[in-house]
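Overview (structure and organization)
The lines below spell out each chain.
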Amino acid sequence: MKKKDKIDLINHPSHYTKGIETIEYIQSWSMDYIRGNIIKYVTRSPYKNDSPLQDLEKARWYLEYLIAEIKEKMNAKQK
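Given the structure is predicted, the values throughout are model-derived calculations rather than measurements. Numbers given for residues are sequential positions, taken from 1 along each chain in its written order. Per-residue local features are limited, in this predicted model, to residues with pLDDT of at least 70; the limit for side-chain atom pairs, both in listing and counting, is 80 or more; totals at the level of whole chains, interfaces and linings are taken over all residues. Only heavy atoms go into the side-chain values, all of them from the structure, while hydrogens and water stay out.

**Considerations on the overall build of the chain**
- Numbering of helices and strands runs from the N terminus; a helix is a DSSP stretch of H or I covering at least four residues, while a strand is a stretch of E covering at least two. Of the regular secondary structure elements, the chain holds 3 helices and 0 strands.
- Listing the helices and strands of the chain from first to last along the sequence gives α-α-α.
- Between buried and exposed lies partly exposed: a residue is buried under 20% and exposed over 50% of the maximum accessible area for its type, with that area taken using a 1.4 Å probe on protein chains only. A burial count over the chain gives 23% of its 79 residues as buried.
- Contacts are residue-level and defined by heavy atoms, with any inter-residue pair within 4.5 Å sufficient. Considering only residue pairs separated by 6 or more positions, the chain has 38% of its internal contacts joining residues 24 or more positions apart.

**Concerning the packing of helix α2 (residues 33-48) against helix α3 (residues 53-78)**
- Fitting a line to C-alpha atoms yields each axis, with helices limited to the stretch in contact; the angle taken between N-to-C directions then spans 0 to 180 degrees. In the contact formed by α2 and α3, the axes pass within 8 Å of each other and the chain directions differ by 160°. Viewed along their axes, α2 and α3 adopt a mutual orientation that is roughly antiparallel. Crossing handedness for the pair α2 and α3: left-handed. Within the contact between the two elements, α2 uses Y33, I34, R35, N37, I38, Y41, V42, R44, S45 and K48 and α3 uses D55, L56, K58, A59, Y62, L63, Y65, L66, E69 and I70.
- Each residue is assigned to one of three groups, with Ala, Val, Leu, Ile, Met, Phe, Trp, Tyr, Cys and Pro labelled nonpolar, Asp, Glu, Lys and Arg labelled charged, and all others, Gly among them, labelled polar. Looking at the contact of α2 with α3 residue by residue, the classes come out as 12 nonpolar, 2 polar and 6 charged. Each angle gets one of four labels, with under 35 degrees taken as roughly parallel, over 145 as roughly antiparallel, 65 to 115 as roughly perpendicular, and the rest as oblique. Two helices cross in a left-handed way if the nearer one is turned anticlockwise from the farther one by less than a right angle. They cross in a right-handed way if the turn is clockwise.

**What about the packing of aromatic side chains?**
- Any Phe, Tyr or Trp ring, taking Trp's six-membered ring, that has another such ring centre within 6.5 Å forms a pair; planes under 30 degrees apart are called stacked, those over 60 apart edge-to-face, and the others tilted. Enumeration according to the criterion identifies 5 aromatic pairs in this entry.
- Taking 6.4 Å as the distance between ring centres and 45° as the angle between the ring planes, the aromatic pair formed by Y25 and W29 counts as tilted.
- Here W29 falls in the exposed class, since its relative accessible area comes to 57%.
- Taken together, a centroid distance of 5.6 Å and an interplanar angle of 20° make the contact between W61 and Y65 stacked. Separated by 4 residues within a single helix, W61 and Y65 lie in helix α3, roughly one turn from each other.
- Among the aromatic residues, those joined into a ring-pair cluster are Y33, Y41, W61, Y62 and Y65.

**A few points about a nonpolar patch on the surface**
- Each patch is built from residues that are more than 30% exposed by relative accessible area and take part in no salt bridge. Like charges join if they lie within 9 Å; nonpolar side chains (Val, Leu, Ile, Met, Phe, Trp, Tyr) join within 5 Å. Calculation of accessible area relied on Shrake-Rupley with a 1.4 Å probe; when residues are assessed, cover is drawn exclusively from the protein chains displayed. One speaks of a salt bridge when a side-chain nitrogen belonging to Lys or Arg is within 4 Å of a carboxyl oxygen belonging to Asp or Glu. Nonpolar side chains collect at one region of the surface, where I20, Y25 and W29 lie side by side and expose about 340 Å² of accessible area between them.
- On the secondary structure map, W29 appears in the loop between α1 (22-28) and α2.

**Overview of the nonpolar core**
- Core analysis: the biggest nonpolar cluster contains 6 residues, these being I34, I38, Y41, A59, Y62 and L66.
- Broken down by secondary-structure element, the contributors of at least two residues to this core are α2 and α3. Here, nonpolar core refers to any group of buried Ala, Val, Leu, Ile, Met, Phe, Trp, Tyr and Cys residues whose side-chain atoms link them within 4.5 Å.

**So, the side chain of K40**
- Along the polypeptide, K40 turns up in helix α2.
- Only four residue types enter the tally: Lys and Arg on the positive side, Asp and Glu on the negative side, with His and both chain ends excluded. Buried charge without a partner: K40 forms no salt bridge, and the closest opposite charge is D55, 7.9 Å away.
- What qualifies as a polar contact is a pair of N or O atoms within 3.5 Å, subject to a donor-acceptor requirement within protein and to the restriction that residues adjacent in sequence count only when both atoms come from side chains. Among the polar contacts made by the side chain of K40, one reaches the side chain of N37 at a distance of 2.9 Å.

Written out as structure tokens, the structure reads:
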């Protein structure tokens, strides 16, 4: 493997660089931390681990957190 062909697991890991880098997509939509993590974990799930389940469960955790946060804000507005 040539030096320039070496996989860069720090700056450009392959599970974040299928086409556009995930961080660039997240920033292009001005997403906050929670939404960005949902996108990150769903996007990389088929590529990073032996099983995509772990990253999908992490994405679900963030999604459930976001849903609870939004429901709480909606309930506070109704009072």
